[in-house]
Amino acid sequence: MGRCSAASVCSISRKPLHNWGRVNLTLLVEAFISTSTFNVTFSVFVFFTVSAESRIKRDGVSMLRRLLAFPSRPKTAPTVSAAVRCLSSGSVDITVPLNFWAGRRRTSQESREKEDVYEPATGRVLCQLEPCGREEVDQAVKAAKSAFGPWSKMSGMERARIMIEAAHLIESRREEIAEMEVVNNGKSITEARLDVDSARLCIEYYAGLASTLAGQHVQLPGGSFAYTRREPLGVCVGIGAWNYPFQIAAWKSAPALACGNSMVYKPSPVTPVTAVLLAEIYAKAGAPEGLFNVVQGGQETGSLLCHHPDVDKVSFTGSVPTGQKIMEMASKGVKPVTLELGGKSPLIIFKDSDLENAVRGALMANFLSQGQVCSNGTRVYVHKDVLAEFVEEVVKRTQAIAIGDPLLESTRMGALVSRPQLDKVLSFVEQAKKEGATVLCGGERFVPSDPKLKSGYYMTPCVLSDCTDDMTCVRDEIFGPVMSVLSFETEQEVLQRANNTTLGLAAGVFTRDVTRAHRVVEQLKAGSCFINNYNITPVEVPFGGFKMSGIGRENGQVTVEFYSQLKTVFVEMGDVDSLF
């Protein structure tokens, strides 16, 4: 297949995917989900070997039986078969503008040095980023301010109709968006589809909340009364991370728009491609011009947005140091911020755990998106009595993870997002060895057999043992596929060790003892906790951290409070009782 431009993605001729093997559990479940209706996020990733085929069949039947409880619905749009592929790694050149404001894609009006954007799977240049300067940022903010007027005056039902239409458009373009996410980010197509689903579900969820925003009536003496109004903030800025480009754009824009705000969104300069697709979808759904705008760039562009006098709120997902800088910049204008920052989360596995589920949970907690997930449970504390059995099974399944072309259905781990990120993660593994940790598997650069992938950013997922709490690999966020396994003896001991960190984004516990599970979770200093599972993020549930892992929440009903402000109105029904 020859090269194609992003503008022609949908028109590329389709051909059967090579290396198409037996249908796996993930695709069976995914195919069923596409014909079912339920408002939950369902994530299934299978890290199995061929020798585990009997267990796959057993689990697949059980899972499908549970799903059959949901009624079927007619498809709202044609879906693309998982057996065909519109794009292939190394086949895309993007030449269209990636900035978007006032209803269309824009090019910079000033001559600036462009930045190369790479395709992680191949290491080749995918496109060139045109960063926005002061003039472009100002134009985007003005467009958002202009759209805020009519949008904020709409009823919640009117806003909801447009958001639901946007969700339908995402559903109809699911495969296209997922493929572009893979090309720009490097994660597997299986994960990318689920990310697009999460984005759609988030928009649907907040569309449902848009018409429920309300204040409170308070009766006062003498017939007087007071009431509160929940009002939008104005122009909100969203600054996204590179690990979930499309999903984060939706997670930030959906609650903002539902509350009546407009938004200027800046993606990570590493993954600039798919946010503009969301901007086009909102526009096509009927949103006012300028409601959702995209400006590309790095630190300078972000600083211009945070300091802009017409920006009323900043929401950021990324590292702790950058979050601190954004909080400082926003403080100059006393602007509210939402910060979803880093984590170094503990996963505690007690000796009474269902070890099969604990192993699955540990894999989910460490290897999704090549380990590039802020909530990952990378400090895996295992009770000493089950440590050997746990480690043996984890290593076996980690070694069986299929690494390679992220656009192949068989791939379970794609490429890391960039060469610097790959080098950084590999350096953490080397440091761990120097400090006394044992590499049980992985931790090395991986070169796929396909020649076009030889310059891609791949590595083998790594399991470290003989780790101690003072090691760099246990203390610092690695943001790559590296699991550190530690042993413990008592509940009190492991709780003290688990909480001994400045971060507090997530935590998990595996145990059959329900009382213990709730007792332990109560004492874990983390904002998002999991019992007998990990890294499940339904949009109906708030997500965010304690301590230096952030401020505010994404998703759930409570997020409405972070994108609106409360006005109190006092109504006097009698005469003024004056002291003068």
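Along each chain, the written sequence defines residue order, and numbers are assigned to residues from 1. With the structure being a predicted model, the display of local features is reserved for residues of pLDDT at least 70 and the display and counting of side-chain atom pairs for 80 or more, all residues being used for whole-chain, interface and lining totals. As a convention, hydrogens and water are excluded, and side-chain values are obtained from all of the structure's heavy atoms.

Per an unreviewed UniProt entry, the recorded name for the protein is Aldehyde dehydrogenase 9 family, member A1b, and the organism is Poecilia latipinna. Listed under Function (unreviewed entry) in UniProt, the entry text for the protein is "Converts gamma-trimethylaminobutyraldehyde into gamma-butyrobetaine with high efficiency (in vitro). Can catalyze the irreversible oxidation of a broad range of aldehydes to the corresponding acids in an NAD-dependent reaction, but with low efficiency." UniProt positions are given in the numbering used here, feature names are shortened, and annotations may be inferred rather than shown by experiment. On record in UniProt, under Pathway (unreviewed entry), the comment for the protein is "Amine and polyamine biosynthesis; carnitine biosynthesis."

A few words on the environment of Leu201. Each helix corresponds to a stretch of at least 4 residues labelled H or I by DSSP, and each strand to a stretch of at least 2 residues labelled E; elements are numbered beginning at the N terminus. You can see Leu201 is positioned in helix α6 (residues 189-210). Distance from Leu201 to Pro538, taken between C-alpha atoms, is 8.8 Å for residues 337 residues apart in sequence.

Let us look at the nonpolar core. Ranked by internal contacts, the top residues of the largest apolar core, which has 77 residues, are Ile203, Tyr206 and Leu278. Per-element accounting of this core gives the leading share, twelve residues, to α6. The residues that make up this core include at least three from each of domain 1 (99-341) and domain 2 (346-533). We call two residues in contact whenever any of their non-hydrogen atoms come within 4.5 Å of each other. Contacts of Tyr206, omitting those with residues within four sequence positions, involve Met163, Ala254, Pro255, Ala258, Asn555, Gly556, Thr559 and Val560. Definition used in this section: a nonpolar core is a set of buried Ala, Val, Leu, Ile, Met, Phe, Trp, Tyr and Cys residues joined via side-chain atoms within 4.5 Å. The buried label applies to any residue whose accessible area, calculated with a 1.4 Å probe on protein chains only, is under 20% of its type's maximum; exposed applies above 50%, and partly exposed to all values in between. Formed by 62 residues, the second largest nonpolar core is a distinct cluster that contains Cys441, Val463, Cys467 and Ala498. Each domain's extent is set by a domain assignment, obtained either automatically or from a database.

Here we come to the sheet that holds strand β16 (residues 346-349). At least two DSSP bridges between two strands are needed for those strands to be called paired. The strand order β18-β19-β20-β17-β16-β22-β23 describes an open sheet built from seven strands, whose pairing is mixed. For this open sheet the edge positions go to β18 (438-441) and β23 (528-531), each flanked by a neighbour on one side alone. When strand polarity is set aside, the average angle formed by the axes of neighbouring strands in this sheet is 20°. Bridge count for strand β19 (residues 462-465) against strand β20 (residues 482-488) is three bridges, and the pairing is parallel. Every angle, taken between N-to-C directions, lies between 0 and 180 degrees, and every axis is a line fitted to C-alpha atoms, over only the stretch in contact when it is a helix.

UniProt marks Glu340 with the feature "active site" (unreviewed entry), using the numbering shown here. Its place among the elements puts Glu340 in strand β15 (residues 337-340). Excluding residues within four positions of it along the chain, Glu340 makes contact with Phe316, Thr317, Gly318, Cys374, Leu505, Phe543, Ser549 and Glu554.

Attention now goes to the side chain of Glu231. Position of Glu231 among the secondary structure elements: in strand β10 (residues 225-232). Only 2.7 Å separates the side chain of Glu231 from the side chain of Arg229, close enough to count as a polar contact. Pairs of N or O atoms within 3.5 Å make up the polar contacts considered here, provided that, within protein, one atom can donate a hydrogen while the other can accept it, and that residues adjacent in sequence are counted only when both atoms are side-chain atoms. Within the structure, the side chain of Glu231 is placed 3.1 Å from the side chain of Lys567, a separation counted as a polar contact. Excluding residues within four positions of it along the chain, Glu231 makes contact with Ser564, Gln565 and Lys567.

Another point: the pattern of salt bridges. Any carboxyl oxygen of Asp or Glu that lies within 4 Å of a side-chain nitrogen of Lys or Arg is treated as forming a salt bridge with it. Going through the model one piece at a time under the given rule, you end up with 28 salt bridges. Lys142 is paired through a salt bridge with Asp138; the nearest N and O atoms lie 3.3 Å apart. Taken together, the residues span about one helical turn, with Lys142 and Asp138 both in helix α3 (residues 134-153) at a distance of four residues. Its relative accessible area of 25% is what places Asp138 among the partly exposed residues. Linking Glu491 and Arg519 is a salt bridge whose minimum nitrogen-to-oxygen distance equals 2.7 Å. Here Glu491, found in helix α15 (residues 491-498), pairs with Arg519, found in helix α16 (residues 514-523); they are 28 residues apart in sequence, far enough to count as distant. The exposure class assigned to Glu491 is buried, which follows from its relative accessible area of 17%.

For the rest of this paragraph, the subject is the sheet that holds strand β9 (residues 217-219). Read across the open sheet, the three strands follow the order β9-β10-β26; overall the sheet is antiparallel. Of all the strands in the sheet, the pair left with one neighbour each is β9 and β26 (564-571). Here the average twist between neighbouring strands, direction ignored, is 20°.

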